[in-house]
Structures are given as structure tokens and as C-alpha cells.
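Residue-level structure breakdown
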Amino acid sequence: MATKSITLPDIGNYDNTPVIEVLVSPGDRVEKEDSLITLESDKATMEIPSPYTGEIKKVLVKVDDTLNQGDLIAEIEAEEEAEAPAEEKSEEQPAEAPAEKAEEKPAEPEKPAAAPEKTEPAAPAANAPTPVNRQSAGAKSHASPSVRLFARKLGVDLGNVTGTGPKGRILQEDVEGAIKKVMEGAGKGAAGGAGIPPLPEIDFSQFGEIEEKPLSRIKKLSGKHLSTAWLNIPHVTQFDETDITELEAFRKSLKPRAEKSGIKMTPLVFILKALAHVLREFPNMNASLAPDGENLIVKKYINLGVAVDTPNGLVVPVVRDVDQKGVFELSEELMDISARARDGKLTGADLSGGTFSVSSLGGIGGTQFTPIVNGPEVGILGVSKASMQPVWNGSEFVPRLMLPLALSYDHRVIDGAEGARFMTTLSRTLTDLRELML
Ligand code: CAO
């Protein structure tokens, strides 16, 4: 046993060759000829083998370092003297094609990750090499440098690819097959994609009569959008119940005036108005996460998307500048966009530019639901049906009209405490509309 330095042998006419992979870590046991690092020149990729069998003590290079002949790579507690240092061997190789050379080599026999019995102590030492050690060092995937390069260029983790070559070696077609599988899944929409196992395909007719109906164009489009939002955004939904007794009294008092102008004034417009007010106080909720995930794009305008149920499916037209409009104007606009939505007459402009969304099932029923954030927005408010409930006022139960609210938000942007504060402020505003004047 002796500590030996491993240096970069002569690899041909390559200077300052970048390290693209470090395949070993201190404590790893390597056999002579096991790969230690991968270098990538502009012409070829080369794995540099260990000239000794033994235990790696120090790794002296890292990814992106550039190496020249003689540079230190690692220190190893060698079990035997190298019979022929790699340097001498590599001199025999034509300098131009190290990668091809590696490809032509017959598949190396799979070496056990653990040391052979004769060198292993009865009880393994704490730092004894394990399959995990080798795997974490990236050496477990058995593939030629060109296949590794191919996989790296396409962002494929070879750890997830099953090799069909000799001794389980990963071939280029295995990498291509893995990509194909992912792409096929992604294209299917309802089934799988992004590595998610697809739902089982079942022949339902074996259990009884069935009818297969095509989904509407809107359902197909909104389905894709909802899946994308659901899969990309870590959702949190929190619930509240808001006392809207006074709001309802006010709404009823305005109703005759509204009806005279042909306007139907529902609780939703007050919710839109209150939301616009609270969004000013919580600008992070009126924002979108930049695609790189590094910045928050806060919008200074408040355009609220309103989910509308249509015979062909769900659409979300946008009511613009809600903070600058009164409840009459908002009612008129809401009636207009929901009528056009149901008639299929919305334009692209009607459907774009939203900063936050509302989905109201209040006119239909239900006590609560969890809305899906209309990404790349950050939050959405779900509104359920208000109902009279006995509420304890400190001395007695009194009948109050309670409105169930559900706030879903992107937890990457909004912390739970901020979400709770947003909801409490919204609730306070709906309970006492005088808050809108503050
Ligand atoms: N609690 C109790 N009553 C409510 C209410 C609530 N939260 N919200 C509305 N109502 C009442 C209204 O006051 C109205 O009653 P009156 O005619 O007596 O005044 C009645 O319910 C019907 O209201 P509406 O639904 O026609 O009008 P709206 O302004 O509340 O909603 C719109 C408009 C377009 C949002 C709604 O018609 C709609 O399409 N909702 C479905 C949205 C949806 O599908 N969301 C789910 C998306 S996730 O799959």
C-alpha cells in the first residue's frame, strides 16, 4: 500500500482540456482502468482511467477545470504498483481519436462495487466503498464517452436509462428510446408526460354500455392549461368564511337602481372591487414569477380574470382596471363578457392580460372548492354560495350571511402567513365595505 499521485497522461495534441465529469469521490474504491474523470475537447470526449487499483484519497480536480498533461487528478492508496502507467499506454494510441478508441474497446466486464473478498476486512470499514458511493460518483451508468456526451447534450440522466448493450451497457438507441418515451407521454395530455406514470387504459365496455364523446375545443385547450398549471405550481389553498350581511343589504338597496338600467348586480362585483383594493396592499399577489424563477414581475394594473361557465366549457375573460371602476360599471361589464363568453364571441384580447382570477360558483352552490391557479398568475379566489348561519357575537348567536372563500396561491411566491393576511384583509373589506375608502 502506498499513496500515489495520478496525473493526466499524454492524451494527444490537447491542451487545456475541460473536465466535464468527475466520476470518483474520496473513499471510492477503483480498479485499475476504471474511469476517474471525463475530459471533453472540441473534437472528442475521453475518460481517463486509473493506473492503479486502490482507494481514492483525494480528488484534485472539479468540473470545468482545464487540464494539461502531467496535471494532478487524484491521490490514491494503491494496492499494487502499476505495471504499465497509463501515460506509456496512451502514447501508443493515435492522438486524433481517443473517443472512437474508447468506443471500439470491448465492453468492460461489470466490476463489483465492493472490494474483492481477499482485500476486504471481515466487517466493512465505515468508509468502505458501496454501490451508492460509486453511483453518486456517476460511474454506475455503463456507457461509452460518446453516448455520455449525447445524453448530456439532451439533458438525459443516464441513471434513468436502462442499457440494452452487452452487460447492460447503455447505447445511443437506449438514450433515444428514453427521450421518445417521455415525449410520447407529454403529447398525450391526459396520460403521463414529464416522467409521470400514465393512468391505466381500461376498456370500460367490459363493465357495461358506454358512449365515447369528443371533448369540445375549449375543454381540450383549458384542460391542457389546467394540467400545466397544476403540475408547475406548488398550490396551497386556504379557506375562510366572511360575514357579508351588510354587503348583501347594500347590494339589495342598489338593486332597483341597477335594474332600472338593465343591470344585474350580484355579490361578485363587490368581491371584484374588494379584491382590487386588497391586491394594491399585497402586490406580490398581483404578479407573475419570471420564467427563470429568479424574479417576480409585479403588475401595476389590476385586471381580474373571471371564470365563466359556458356550454362548451370554462373560459376566463378579463375585466380590466377593476380598481378604477364602480360597481355599476363592473356589473355591466361582467354581464357583457359572460354573455359573449356563452355565445362564443370573446376575442383574444378579452382573454388576455389578467393579473389575478376569480372563480365563483356562488350562484350554483357548494360550501367550498379548491380552485387551480390560472398560471402564470400567482393567485385565484374561489367563491362558494353564501348562507345564513348562527354566529356567536360574544353574548348570543345571531343570524349572519356567511360567504365561503377559498384562496389558492403559488407557494413559491406567497408564504402561508402572507396568504393568510391577504385572506383576512379581504374578509375584513367584504364585511365592512367602508374599508374601500381607506
Ligand atoms: N352566494 C349566494 N348567492 C350568489 C352568490 C354567492 N356567492 N353569487 C351569486 N349569487 C346569486 C346571484 O345573486 C344571483 O341571484 P339573483 O339573481 O337572485 O340576484 C344568482 O346567484 C346567479 O348569479 P350568477 O351566477 O348568474 O351571476 P354571478 O355574477 O354570481 O356570476 C359568472 C357570473 C359568469 C361568474 C357565473 O355565471 C358563472 O359562470 N359561474 C361559474 C364559474 C365556474 O364555472 N367556475 C368554476 C371554475 S373551476 O372549474
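First things first, this report covers the structure right here in the doc. (Residues numbered from 1 in each chain as written. Predicted model: local features only at pLDDT ≥ 70, side-chain atom pairs only at ≥ 80, totals over all residues. Heavy atoms only, no water.)

One pass over the full model with this rule turns up 18 salt bridges. When the shortest N-O distance is used, the salt bridge between glutamate 47 and arginine 148 registers 2.7 Å. Here arginine 148 lies in helix 4 (residues 145-153) and glutamate 47 lies in strand 5 (residues 45-49), a separation of 101 residues in the sequence. One salt bridge connects arginine 434 with aspartate 432, and the closest N-O pair in it is separated by 2.9 Å. Residue classification places aspartate 432 among the partly exposed positions, given a relative accessible area of 26%. It is possible to trace a salt-bridge network through shared partners that takes in Glu21, Glu47, Arg148 and Arg152. (Salt bridge = Lys/Arg side-chain N within 4 Å of Asp/Glu carboxyl O. Helix = DSSP H or I, 4+ residues; strand = E, 2+ residues; numbered from the N terminus. Buried < 20%, exposed > 50% of the residue type's maximum accessible area, 1.4 Å probe, protein only.)

Looking now at the environment of threonine 310. Assignment of secondary structure puts threonine 310 in strand 13 (residues 308-310). A relative accessible area of 8% means that threonine 310 is categorised as buried. Remark: the alpha-carbon pair of threonine 310 and arginine 342, spanning 32 residues in sequence, is separated by 4.8 Å. Once residues lying within four places of it in the same chain are set aside, the contact partners of threonine 310 are Val315, Ala341 and Arg342. (Contact = heavy atoms within 4.5 Å.)

Spatially, four strands are ordered 5-4-2-7 in an open sheet, and the strand pairing comes out antiparallel. Taken across any chain shown, the strands that pair with only one partner, and hence form the sheet edges, are strand 5 and strand 7 (66-67). Here strand 4 (residues 35-40) runs beside strand 5; their pairing, made up of five bridges, is antiparallel. Directly across from glutamate 40, in strand 5, lies its bridge partner threonine 45. (Pairing = 2+ DSSP bridges.)

To continue, consider the site of the ligand. Taken together, 24 residues form the shell around the ligand, and within it Thr266, Asp309, Arg342, Ser359 and Ala386 come nearest. Threonine 266 places a polar side-chain atom, nitrogen or oxygen, 2.5 Å from an oxygen atom of the ligand. Considered on its own, the ligand offers 960 Å² of accessible surface; in the complex 72% of this is hidden by protein. Secondary structure elements with two or more residues in the shell around the ligand: helix 7 (245-260), helix 8 (267-281), strand 13, helix 9 (327-342) and strand 16 (356-360). It is helix 9 that provides the largest number of residues to the shell around the ligand, a total of three residues. (Near = heavy atom within 4 Å. Polar contact = N/O pair within 3.5 Å; in protein donor to acceptor, adjacent residues only side chain to side chain. Areas by Shrake-Rupley, 256 points an atom, 1.4 Å probe, with all protein chains shown as cover.)

Take the packing of aromatic side chains next. Under the definition given, this model contains four aromatic pairs. Arranged with centres 5.9 Å apart and planes meeting at 65°, the rings of phenylalanine 250 and phenylalanine 270 form a pair that is edge-to-face. With a gap of 20 residues between them, phenylalanine 250 in helix 7 and phenylalanine 270 in helix 8 connect regions that are remote in the sequence. Judged by its relative accessible area of 40%, phenylalanine 250 is partly exposed. Each residue in the set Phe282, Phe356 and Phe422 is aromatic and connected to the rest through ring pairs, giving one cluster. (Phe/Tyr/Trp six-rings, centres within 6.5 Å; stacked < 30°, edge-to-face > 60°.)

This brings us to a nonpolar patch on the surface. A cluster of nonpolar side chains, contributed by Ile202, Phe204, Phe207 and Ile210, occupies part of the molecular surface with about 450 Å² of accessible area. Along the chain, phenylalanine 207 falls in the loop between helix 5 (172-187) and helix 6 (217-232). (Patch = residues over 30% accessible without salt bridge, like charges linked within 9 Å, V, L, I, M, F, W, Y side chains within 5 Å.)

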